[in-house]
Amino acid sequence: MADTPEAIKKSQKLYLFIGLCLFIGTIVTVAVATVPALDVGGHGFDKWDMILGLCIASFKVALVMYFFMHLNHEKGWVYGSFALAIVMAFFLAFLLFLAKGDPIKYDKFSTGGVILPSCLHVKAL
């Protein structure tokens, strides 16, 4: 922590610089989403624009976590648990994409003898 006036001034400059980076990152994200000249991939909003926007957002999140949440002073196990959470999130996203790519289509739905109201009957696809 900053104890001297010089250290406080140095911390203020660092936080203002990080805040400026976050502000510029927000402007760049909006510009990529709205300005046709900065459009990557196909015309209009597509997956490449989404990937670029998420990369910019991830960088901004890393800045906030590292400096404003003071993770730059933590022990190694914090980074390990964070990396594990990231890996798990990617794994869950991968499972989601697998499920969207190969949906279950089963038209012989059985209610087990229970009579359903007409609004809940399953129609064959």
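Going by the structure above, here's the rest.
Residues numbered from 1 in each chain as written. Predicted model: local features only at pLDDT ≥ 70, side-chain atom pairs only at ≥ 80, totals over all residues. Heavy atoms only, no water.

On to the overall build of the protein chain, then. On a plain count of helices and strands, the protein chain comes out with three helices and zero strands. Of the regular secondary structure in the protein chain, the N- to C-terminal order runs α-α-α. Within the protein chain, the fraction of its 125 residues that count as buried is 11%. Look at the contacts in the protein chain between residues 6 or more apart in sequence, and 45% of them connect residues 24 or more apart. Summed over its atoms, the accessible surface of the protein chain is roughly 10,600 Å², and 74% of this surface lies on carbon and sulfur atoms. (Helix = DSSP H or I, 4+ residues; strand = E, 2+ residues; numbered from the N terminus. Buried < 20%, exposed > 50% of the residue type's maximum accessible area, 1.4 Å probe, protein only. Contact = heavy atoms within 4.5 Å. Areas by Shrake-Rupley, 256 points an atom, 1.4 Å probe, with all protein chains shown as cover.)

With that out of the way, let us pick up the layout of surface pockets. If a probe as big as a water molecule is rolled over the atoms, it shows which places are left empty. When its volume is computed, the largest pocket comes out at roughly 550 Å³. Along the walls of the largest pocket sit 18 residues, with Leu54, Ser58, Ile86, Ala89 and Phe90 positioned nearest its centre. When contributions to the lining of the largest pocket are tallied by element, the ones reaching two or more residues are helix H2 (47–68) and helix H3 (76–101). Of all the elements, H2 adds the most residues to the lining of the largest pocket, at nine residues. The class makeup of the residues in the lining of the largest pocket is 17 nonpolar, one polar and no charged. (1 Å grid on protein atoms, 1.4 Å probe; cavity = no way out; pocket = protein on both sides within 12 Å on 5 of 7 lines; lining within 4 Å. Points joined across faces, edges and corners; volume = space filled by probe spheres on them. Nonpolar A, V, L, I, M, F, W, Y, C, P; charged D, E, K, R; others polar.)

Glancing now at H2. For an α-helix the count is 3.6 residues per turn, leaving residues at separations of three or four pointing the same way. In a regular helix each residue adds 1.5 Å, so 22 residues correspond to 32 Å; H2 covers 30 Å between its end C-alpha atoms and thus fits that length. Of the residues making up H2, those classed as buried are Asp49, Gly53, Ile56, Leu63, Met65 and Phe67. Of the surrounding elements, those touching the buried residues of H2 are helix H1 (5–34) and H3. The positive-phi residue at the C-terminal boundary of H2 is His70, with phi of around 60 degrees. (Expected span 1.5 Å × (residues − 1).)

On to the packing of aromatic side chains. Inspection of the entire model under this criterion finds two aromatic pairs. Plain terms: the ring middles of Tyr15 and Phe68 are 5.4 Å apart, the flat faces sit at 20 degrees to each other, and that makes the pair stacked. Taken as a pair, Tyr15 in helix H1 and Phe68 in helix H2 lie far apart in primary sequence, 53 residues in all. When the ring of Tyr66 is compared with that of Phe67, the centres are 5.0 Å apart and the planes differ by 85 degrees; the resulting orientation is edge-to-face. (Phe/Tyr/Trp six-rings, centres within 6.5 Å; stacked < 30°, edge-to-face > 60°.)

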